[in-house]
Amino acid sequence: MSDIRKVAVLGAGVMGAGIAAHVANAGVPVLLLDIVPPGAENRNALAEGALARMQKADPAPFMSKAAAALVTPGNIEDHLEQLADVDWIVEAVVERLDVKQALYARLEAVRKPGSVVSSNTSTLPLATLTEGLPPSFARDFLITHFFNPPRYMRLLEVVSGPATRPEAVEAVSRFADVRLGKSVVPCKDRPGFIANRLGVFWLQAAVVEAFERGLAVEDVDAIIGKPMGIPKTGVFGLLDLVGLDLMPHVNASLAAALPSEDAFHTFNKPLPIVERLIAEGYTGRKGKGGFYRINREAGKRKEALDLTTGTYRPARKADVPALGETRRSVGALLAHPSAHGQYAWRVMGLTLAYAAALLGDAADDVAAIDEAMRLGYNWKFGPFELIDQIGPDVLAQRLAAEGLAVPPALTLAQGRTFYRDHEGRRQRLGLEGVYHDLVRPEGVLLLQDIKRASKPILKNGSAALWDIGDGVACFEFTSKMNSIDPDIMDLLGKTLRRVKKDFKALVIHNEGSNFSVGANLGLAVFAANIAAWGEIESMVSQGQETYRALKYAPFPVVGAPSGMALGGGCEILLHCDAVQAHAETYMGLVEVGVGLVPAWGGCTEMLHRWSSLGRLPKGPMPAVGKVFEILSTATVAKSAAQAQELLFLRPGDGITMNRDRLLADAKARALALVEGYTPPERPTYTLPGPAAHTAMMMAVGSFRRLGKATPYDEVVSGALAGVLSGGATDVTEPLDEDALLTLERDHFMTLARTPGTLARIETMLLTGKPLRN
C-alpha cells in the first residue's frame, strides 16, 4: 500500500473521536464507528454524539467546519463491512485485551488485504495484542499511540512487532508525518513506551516527594516548571489539567507491567488525600477542583490544597529563594542545600537518571527519548539535553555518592556529553559510544541547522537574514516574543536591497513559539508618556513604507508563520506574495483590543481581499461591512484553515501540517514563483464614504445598548469605520493605497493620544488581557 486515502477509527471516546477529527483536518475521509448502545433507538448515537460534541468543543478538535463534514459516524454492528475500502483502521476501544482481540478477529474478516490496523493503546504490549491471531493480521498490525488532544499534541509513538511489514510502518509513519503533522518516534514494545513510561515516573516522584516533605503546591510548581523548561503549569497544575482520576489507573497499569526491580515502584505509593479528593469529585479542572480550585462562595478566590492537612487555603505566590540564588540554573538548583533544592534533586535528578536507564530499553536513541518528552509533555529540553546542562559526570557522581545505581548510559558518556556540535552539525552519542549526525527526514529544513552551520548575512538586535540555499534568503525575527520594532523595520529595508542584489526570493520565518505577537507596545507607551508623538507617527510611517516595499519588491516574498501572527505580525504576511502557513497558525488584526486600528496596511489589504475575491455581492458596502465585522471584534483565526475563511490567508496560500516541514515548503513555494515573477498591480478602492460610516456606527450603538460593547469600543470602532468607509470620500471617487494608508495613520494617531487607548495598552502590557473600558 503506497498511500492512505481513507481511514476508519473504531471507538468514539475522547481519544478515538479526536483522532478521527484530526484525520479529517488533513482532508482525508474517515469513518467513526462505535458500539450500538443497549436499547438505543439511534444505533449510531455514540459516534454521532461524539461528532456533535467536537463541533462545540473549545479548544476545537476540528480546524474548520469543512473538516467536520469529512467524518462519517456509524456503528460496528451495521457498518463494519465499510472497512473493505479503508486503508488504515485505528482501534481506540476500551483498554481490555479480550475486547480488542475479539474486534480484531472481526476486522480480519472484512478489511481489504494490505490495509493497516493499529491500536491506540498505551498499556498493552503489541505481542500480547496479536497473540493467537493469524499471521496475515500480525503483518499489518502496529501500535500508534497518539497523545491527547490529538490535534494539538505533535507526538506519535509507533511500535511495530517482529512480524510487522516494514511497508506498513512506513505508510502510516509517512502519513502521520506529512498529512497529520506528527513527529513520529519509533518505540520498542515496552510498558508505557517512552513518554508515559518516563512522564508518569516524573509526575509520581514529584507528587510523592511533595507530600512526604509537606511542601506547598505553588512552590513545587515554581521549581518543577519554568526553571526546568517545563510548562508553567508545573506538576500539580498539569495533573489538574489532565485529571487526578487518571493517575491511579495509569500507575496501576505500569506497576503491573514493569519488573519488580524497576525504579518506578519506589514512588508507586498510595496517597490517601488524593484518593479522597477523587472520591469527592475533586478530579481537577473537569471536576470541582483538584490541587487548585476556584472557591466561588468566597468571590471566585483561587485556593490551593495544603498537602499536610488535605484542606484548601488561599493560593499564594511561590516562595522559593533557591530559584533566585541559583539564577534558575538547573544544575545549581539540584545542588542547592535548601529543602527546595533537595526536593528538586529527588524529583528531577532521579527522573533524569531513570531516563538514562531507559536508553537501550525503551529506545536506542537519546534523540528519540528527548523528542518524546518535548512533544508528549511539552518540555522545552529533553532529559538528555537537561543532563548535558548539569553534566553527565556530575549526575553520575551524585548518584554514586548516594548509593544509587548509575545507569550504563551515564558511564558511556563519561567525560563527554550526549550531544555536541561538530563542524556545523548536531550530533548525538550512540549506544556504542560513537557520535552520529542527527539526520532530518527528507523534506525537513530547520533554521536552527542553517544557523549552526553558517553566519547571518545581516543582523541586528531584533532580526537576522540567512542564506537557506538555492538562491533563497530567510528573514528571521529575534526580538522578545518576535514583536515588531524599528530595528526589524530597519533590517527588513536593508534585506530587500540585499535580496534584490544577491538572491532570487525571500522567505520570512522563525522557529519561535509564535511568528509575531505584533508591534512592540512598550515602545509606544514610552513614547506616549513623554509626548513623543512624532516618534510614534514615524514608527507608523516606517511600517507602512517598509511593508509596501516588501509587497512591491522585484522578487517573490513568501511568509511562513506558525503559532500566533497578530497585529503587525499579521500585516507583514498580508503583504507577502504568498504564505505557506503551519496548520496551527492563529492570525488576526487585534489592534482594537488595545484601542488602536491596524495602520501598517492591515485595513487596506483586507479591504482589497474582500472586495476582489468574489466572496460577497458586488458593490463597496458588503466588503466594508465584512472587514469591519472582522476587525472591530478583533477576530483571530484559530487555524490556518480558518484564516483562509477570513481571508487573512488567500485561497491559494499553502498549509503545512508538520511544522518541521514548514521552511522547506515555503522555500519551494518561493522558488516556484521566481520564473516570470512580476510584482502585483497597485489596486484602487471604491468606498462608500460617510453613509457607510453612519451605518457601521448604528450597528455598534446597538451592540452597546445590548451590553456587548463598551463606551470606548464605540470610540475605537468609530475610528475603524472612518478608515474602512474611506473617510469623506464619495462612492464615485476611486481611492489609491496612499489615501487609505493616510487614513490608517491619521486615525491611529488620533487614538494614540487618547487616555482610553493608553489605558488599554498599559493593561495589556501588565496583565496580558484586554481592558474593557
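A brief look at the structure comes next. (Residues numbered from 1 in each chain as written. Predicted model: local features only at pLDDT ≥ 70, side-chain atom pairs only at ≥ 80, totals over all residues. Heavy atoms only, no water.)

When its secondary structure is counted, the chain shows 34 helices and 25 strands. On C-alpha atoms alone, the chain measures out to a radius of gyration of 28 Å, which is about the 28 Å that the 2.2 N^0.38 rule sets for 773 residues. Of all 773 residues assigned to the chain, the portion counted as buried reaches 55%. A separation of at least 24 residues holds for 69% of the contacts in the chain among residues at least 6 apart in sequence. About 32,100 Å² of surface is accessible on the chain, with carbon and sulfur atoms providing 55% of the total. (Helix = DSSP H or I, 4+ residues; strand = E, 2+ residues; numbered from the N terminus. Rg over C-alpha atoms; globule rule 2.2 N^0.38 Å. Buried < 20%, exposed > 50% of the residue type's maximum accessible area, 1.4 Å probe, protein only. Contact = heavy atoms within 4.5 Å. Areas by Shrake-Rupley, 256 points an atom, 1.4 Å probe, with all protein chains shown as cover.)

We now examine the packing of aromatic side chains. Per the counting criterion, the structure on display carries 15 aromatic pairs. Ring geometry for F201 versus F267: centroids 5.5 Å apart, planes at 85 degrees, classification edge-to-face. Highlighted residues: F201 in helix α9 (residues 195-213) and F267 in helix α13 (residues 264-267), separated in sequence by 66 residues. For the pair shown, F201 and F267 are each scored as buried. An aromatic cluster is present here, built from W88, F146 and F175 joined pairwise through their rings. (Phe/Tyr/Trp six-rings, centres within 6.5 Å; stacked < 30°, edge-to-face > 60°.)

With that settled, consider the side chain of E605. Along the chain, E605 falls in helix α27 (residues 602-612). On the basis of relative accessibility, which here comes to 4%, the residue E605 falls in the buried class. Setting aside residues no more than four positions away along its own chain, E605 makes contact with K551, L574, H575 and E737.

A separate point is the sheet that holds strand β12 (residues 419-422). For sheets, the rule is that strands pair by backbone hydrogen bonds, running either parallel or antiparallel. Pairing within the open sheet is antiparallel, and its three strands lie in the order β12-β13-β14. In this open sheet, the two edge strands, each paired with only one partner strand, are β12 and β14 (435-437). The average angle at which neighbouring strand axes cross in this sheet is 35 degrees, direction not considered. (Pairing = 2+ DSSP bridges. Axes fitted to C-alpha atoms, helices over the stretch in contact; angles between N-to-C directions.)

Time to look at the pairing of strand β19 (residues 557-560). The side-chain alternation of β19 yields two buried faces, one formed by V557 and G559 and the other by V558 and A560. Pairing of strand β18 (residues 505-509) with β19, which is carried by four bridges, proceeds in the parallel orientation. Residue pairing across strands places H509 opposite A560, the latter belonging to β19. Note that β19 and strand β21 (residues 578-582) share two bridges and pair parallel.

Further remarks concern a positive patch on the surface. Taken together, the side chains of K226, K232, R328 and K480 present a region of like positive charge at the surface. The residue R328 is located in the loop between α15 (321-325) and α16 (330-335) in this model. (Patch = residues over 30% accessible without salt bridge, like charges linked within 9 Å, V, L, I, M, F, W, Y side chains within 5 Å. Salt bridge = Lys/Arg side-chain N within 4 Å of Asp/Glu carboxyl O. Lys, Arg positive; Asp, Glu negative; His and termini not counted. Charge placed at Lys NZ, Arg CZ, Asp CG, Glu CD.)

Ordered by their spatial adjacency, seven strands build an open sheet running β15-β16-β17-β18-β19-β21-β23, and the pairing between neighbours is mixed. Strand pairing shows two members of the sheet lacking a second neighbour, β15 (458-459) and β23 (654-656), which therefore form its edges. Two elements, strand β17 (residues 472-477) and β18, share four bridges in a ladder whose sense is parallel. Bridge pairing links C474 to V507 in β18.

It is worth spelling out helix α28 (residues 620-632) at this point. Relative to the 18 Å expected for 13 residues at 1.5 Å per residue, α28 spans 18 Å between its end C-alpha atoms, a close match to the ideal helical length. Looking at α28, one finds that the buried residues are A623, V624, V627, F628, I630 and L631. One face of α28 carries all of its buried residues, which in axial projection span an arc of 165 degrees. In this structure, the buried side of α28 is in contact with α27, α31 (690-705) and α32 (711-724). After α28 finishes, the residue A634 shows a positive phi value of roughly 50 degrees. (Expected span 1.5 Å × (residues − 1). Arc of directions from axis to C-beta.)

The next subject is the environment of A664. On the secondary structure map, A664 appears in helix α30 (residues 662-674). Note: C-alpha distance between A664 and Q580 (84 residues apart in sequence) is 9.9 Å. If near-sequence neighbours (up to four positions away) are discounted, A664 is found in contact with G443 and L445.

Nonpolar side chains in soluble globular proteins tend to end up buried together. Core analysis: the largest hydrophobic core is formed by 114 residues, its most contacted members being W202, I224, M228, F291, M348 and F418. With 84 residues, the next largest nonpolar core counts L491, A643, Y712 and I761 among its residues. (Core = buried A, V, L, I, M, F, W, Y, C linked by side-chain atoms within 4.5 Å.)

All right, on to helix α17 (residues 339-358) then. Given 3.6 residues per turn, any residue in an α-helix points the same way as the ones three and four places further on. The end-to-end C-alpha distance of α17 is 28 Å, a good match for the 28 Å that 20 residues give at a rise of 1.5 Å each. Of all the bends in α17, the largest measures some 25 degrees and sits at W345. Immediately downstream of α17, the backbone of G360 shows phi near 95 degrees, a positive value. (Bend = angle between axes of the 7 residues up to and from the residue.)

Right, let's get into a nonpolar patch on the surface. Nonpolar side chains collect at one region of the surface, where L241, V242, L246 and V250 lie side by side and expose about 310 Å² of accessible area between them. Of all the secondary structure elements, the ones that give two or more residues to the nonpolar patch are α11 (236-242) and α12 (246-257). Summarising the element assignment, L241 is placed in helix α11. The class of L241 is partly exposed, set by a relative accessible area of 49%.

Turning to unusual backbone geometry, a few remarks are in order. Cis geometry is found at the peptide bond from D58 to P59, where omega equals 5 degrees. Along the chain, the position of P59 falls in the loop between α2 (45-54) and α3 (65-68). N148 connects to P149 through a cis peptide bond whose omega is -5 degrees. The backbone of R328 sits at a positive phi, close to 60 degrees, despite the residue not being glycine. A relative accessible area of 46% places R328 in the partly exposed class. We note that D470 has phi near 60 degrees; this positive angle belongs to a residue other than glycine.

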